[in-house]
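# Observations on chain architecture
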Amino acid sequence: MKYRRKGRDLLHRWEGNPILTLDDMPFPCNSVFNGTPVKLNDEYILLLRVEGQKGYSFFALARSEDGFYFRVEKKPVFEPARKGIFEFYERRGIEDPRATYIDGAYHVMYTAVSEVGYRIALASTNDFRSFERIALVSEPGNKDGVLFPEKIAGRYVRLDRPIGLGVGSIWVSYSNDLQSWGDSSVLLSPRRGYWDSFRVGASVPPIMTEHGWLEIYHGTKMTSAGPIYRAGAALLDQNDPTKVIKRCDIPILAPRDEYERIGDVGNVVFPCGAIVEPDGHIKVYYGAADTAIAVATAKMSDLIQCMEMEKT
Ligand code: BMA
């Protein structure tokens, strides 16, 4: 598979990007973007955020043998709840799924959207066909929930992005049962003057490396034409993820290609998951301009090294 290096981004785009657009959708909708990948029995699965024609989002499923060419299933697999406590909080849709395998099942954190704001919800699945909702795990004003793939010191851990005084930072929280969360503290904040000076949010569920937890996050800079969404990387302490070991000074992916620049929301690359391959490469799947899904790759060792280098 050929990868193209555009600009000097550390992540290299696949030359067949974007991998999914509206043209690939087997049912009427407005757009497809922000999908989370898993590799299940040698098959690549993408749980996709689809925005329907009415304007609210739900999830569909795509399958692939190679991680590049995907077929989208004919019907959505996970739609806003129509009964129970989730019904009210998902009235304006469900967005930005992130899947983590833990406790023998896939757990998907997603954003539940309602007239009182957005909050984080959690569901589990074994096959991405049927989902069991576990809990609404935050109050409104919080999104970008990503679950760590293992317990740390006996507790579940997540990153998320509450907004306080207009500042969006990445926080760490803990839970004993995946339902009640607390012991929260701020982890990464926007950096004045940098590409991530406006807001930052968790993007890819943390990946264990020999150097610590790799978190690929998104950061925005506000401009006179609106925000620019880019992806960055940080390493967190293996045993205490409230400690940042390294944070890359420069983005690892920035919107440059037309499908990232132009769309419903232009200038957006928005990862929601990644697959680490046995050959040491990482495939990062990202939404592009809220209108398509694309993939880019790097050697894990290059990603880690990028955090060591002096950047200008
Ligand atoms: C974020 C989320 C994403 C979206 C991005 C760019 O706040 O809502 O779903 O892709 O904005 O519009």
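The preceding data block contains the structure.
Presented here is an overview of the structure given in this document. (Residues numbered from 1 in each chain as written. Predicted model: local features only at pLDDT ≥ 70, side-chain atom pairs only at ≥ 80, totals over all residues. Heavy atoms only, no water.)

### Some thoughts on the overall build of the protein
Cut-off, in case you're wondering: Numbering of helices and strands starts at the N terminus; helices are DSSP runs of H or I of at least 4 residues and strands are runs of E of at least 2. Two things to know: the radius of gyration comes from C-alpha atoms, and the globule rule equals 2.2 Å times the number of residues to the power 0.38. Two residues form a contact once any of their heavy atoms are found within 4.5 Å. Methods summary: accessible areas were calculated by the Shrake-Rupley approach with a probe of 1.4 Å, and residue burial reflects only the protein chains presented. When charges are counted, neither His nor the chain ends are considered; positive counts come from Lys and Arg and negative counts from Asp and Glu. Charge coordinates come from a single atom per side chain, which is NZ of Lys, CZ of Arg, CG of Asp or CD of Glu.
Along the backbone of the protein there are three helices and 23 strands. For a compact globule of 312 residues, the expected C-alpha radius of gyration is about 20 Å, and the protein comes in at 18 Å, within 12% of that figure. Reported as C-alpha extents along the three principal axes, the dimensions of the protein are approximately 55 × 45 × 45 Å. Summarising the internal contacts of the protein: among those between residues at least 6 apart in sequence, 49% fall at separations of at least 24. A total accessible area of about 13,500 Å² is found for the protein, and carbon and sulfur atoms account for 46% of it. Between the averaged position of the 39 positive side-chain charges in the protein and that of its 41 negative side-chain charges there is a distance of 4 Å.

### Description of the site of the ligand
Basically, it comes down to this: Working definition: residue near molecule or strand if any one of its non-hydrogen atoms lies within 4 Å of it. As used in this structure description, the phrase polar contact means that two N or O atoms lie within 3.5 Å; if the pair is within protein, one of them must be able to donate a hydrogen and the other to accept it, and residues adjacent in sequence are counted only when both atoms belong to side chains. As defined here, a cavity is a set of points on a 1 Å grid over the protein atoms alone where a 1.4 Å probe fits but cannot get out. A pocket is an open set with protein on both sides within 12 Å along at least five of seven lines, and residues line them when an atom is within 4 Å of a point. More than half of a molecule's atoms lying within 2 Å of a cavity's or pocket's grid points is what places that molecule inside it. Lys, Arg, Asp and Glu make up the charged group, whereas Ala, Val, Leu, Ile, Met, Phe, Trp, Tyr, Cys and Pro make up the nonpolar group; the residues left over, Gly among them, are polar.
Surrounding the ligand, one finds Asn34, Arg49, Asp96, Lys143, Tyr229, Val265, Val268, Phe270 and Asp290. Between the ligand and Asp96, the relevant distance is 2.6 Å, taken from an oxygen atom to a side-chain nitrogen or oxygen of the residue. Here the ligand loses 85% of its free accessible area of 310 Å² to cover by the protein chains. Taking a 2 Å distance to the grid points as the criterion, the majority of the atoms of the ligand fall inside the second largest pocket. The residue makeup of the shell around the ligand, split by class, is four nonpolar, one polar and four charged.

### Here's the deal with the nonpolar core
Defined as follows: By nonpolar core is meant a set of buried Ala, Val, Leu, Ile, Met, Phe, Trp, Tyr and Cys residues that side-chain atoms within 4.5 Å join together. Per-residue accessibility, obtained with a 1.4 Å probe over protein chains only, is compared with the maximum for each type, and a residue is labelled buried under 20%, exposed over 50%, and partly exposed between these values.
Within the largest apolar cluster, 27 residues are counted, with the highest numbers of intra-cluster contacts made by Leu214, Ile216, Ile252, Ile282, Tyr286 and Leu303. Sorting the residues of this core by element identifies β18 (212-223), β19 (226-236), β21 (269-276), β22 (281-288), β23 (292-299) and α3 (300-306) as the ones contributing at least two each. Residues in contact with Ile216, not counting those within four places in the same chain, are Ser203, Val204, Ala231, Gly232, Ala233, Ile252, Pro271, Ile282, Val284 and Leu303.

### Topic: the sheet that holds β22
Where we set the bar: We treat two strands as partners when DSSP finds at least two bridges between them.
Across the sheet, which stays open at both edges, the five strands sit in the order β1-β2-β23-β22-β21 with antiparallel pairing between neighbours. Only two strands of the sheet have a single partner each, and these edge strands are β1 (3-4) and β21. Pairing of β21 with β22 involves seven bridges; the strand directions are antiparallel. Residue pairing across strands places Pro271 opposite Tyr286, the latter belonging to β22.

### A short note on the environment of Ser138
Within the secondary structure layout, Ser138 lies in the loop between β10 (132-136) and β11 (142-147). With 128 residues separating them along the chain, Ser138 and Gly266 place their C-alpha atoms 29 Å apart. Filtering out sequence-adjacent residues up to four positions away, Ser138 remains in contact with Arg119, Ile120 and Arg158.

### Section: the pattern of salt bridges
As a reminder, the rule being used: For this analysis, a salt bridge means a side-chain nitrogen from Lys or Arg found within 4 Å of a carboxyl oxygen belonging to Asp or Glu.
Throughout the structure, instances matching the rule amount to 21 salt bridges. For Asp9, the salt bridge goes to Arg256, with nearest N and O atoms at 2.8 Å. Linking Asp9 in the loop between β1 and β2 (12-14) with Arg256 in the loop between β20 (244-247) and α2 (258-261), this pair joins segments that are 247 residues apart in sequence. Using a relative accessible area of 3% as the deciding quantity, one classes Asp9 as buried. With its nearest N and O atoms 3.8 Å apart, the salt bridge here joins Asp240 to Lys243.

### With respect to the pairing of β22
In terms of burial, β22 is a largely internal element, seven of the eight residues being buried. Hairpin remark: β22 followed by β23, antiparallel, with three residues in the connecting loop; positive phi at Ala289, about 50°.

### Observations concerning the sheet that holds strand β6 (residues 71-72)
Neighbouring strands of a sheet are bound in pairs by backbone hydrogen bonds; such pairs are parallel or else antiparallel. Spatially, the four strands line up as an open sheet ordered β3-β4-β5-β6, and their pairing is antiparallel. Whereas interior strands pair on both sides, the edge strands pair on one side only; in this sheet they are β3 (31-40) and β6. Pairing of strand β4 (residues 43-51) with strand β5 (residues 57-64), which is carried by eight bridges, proceeds in the antiparallel orientation. For Tyr44, the partnering residue across the bridge sits in β5 and is Ser64.

### Considerations on the side chain of Ser124
The topology assignment puts Ser124 in strand β9 (residues 117-125). With residues near it in sequence (within four places) discarded, Ser124 still touches Tyr106, His107, Ser130, Phe131, Glu132 and Ile134.

### Some thoughts on the packing of aromatic side chains
Which entries qualify depends on this criterion: Ring pairs are drawn from Phe, Tyr and Trp, using the six-membered ring of Trp, whenever the two centres fall within 6.5 Å, and their geometry is named by plane angle: stacked under 30 degrees, edge-to-face over 60, tilted for the rest. Whether a charge lies above a ring is judged from NZ of Lys or CZ of Arg, which has to be within 6 Å of the ring centre and within 35 degrees of the ring normal.
This structure, assessed with the given rule, holds 15 aromatic pairs. Taken together, a centroid distance of 6.1 Å and an interplanar angle of 90° make the contact between Phe70 and Tyr285 edge-to-face. Residue Phe70 is located in the loop between β5 and β6, and its partner Tyr285 is located in strand β22; the two are separated by 215 residues in the primary sequence. Among the residues examined, Phe70 registers a relative accessible area of 10% and is labelled buried. Judged by centre distance (5.0 Å) and plane angle (90°), the rings of Phe88 and Tyr89 are edge-to-face. Here Phe88 falls in the partly exposed class, since its relative accessible area comes to 26%. Aromatic rings pair up to connect Phe59, Phe78, Tyr101, Tyr106, Tyr110, Phe128 and Phe131 into one cluster. For the cation-ring pair, Arg155 lies above Tyr174, with the distance from its terminal atom to the ring centre recorded as 4.1 Å.

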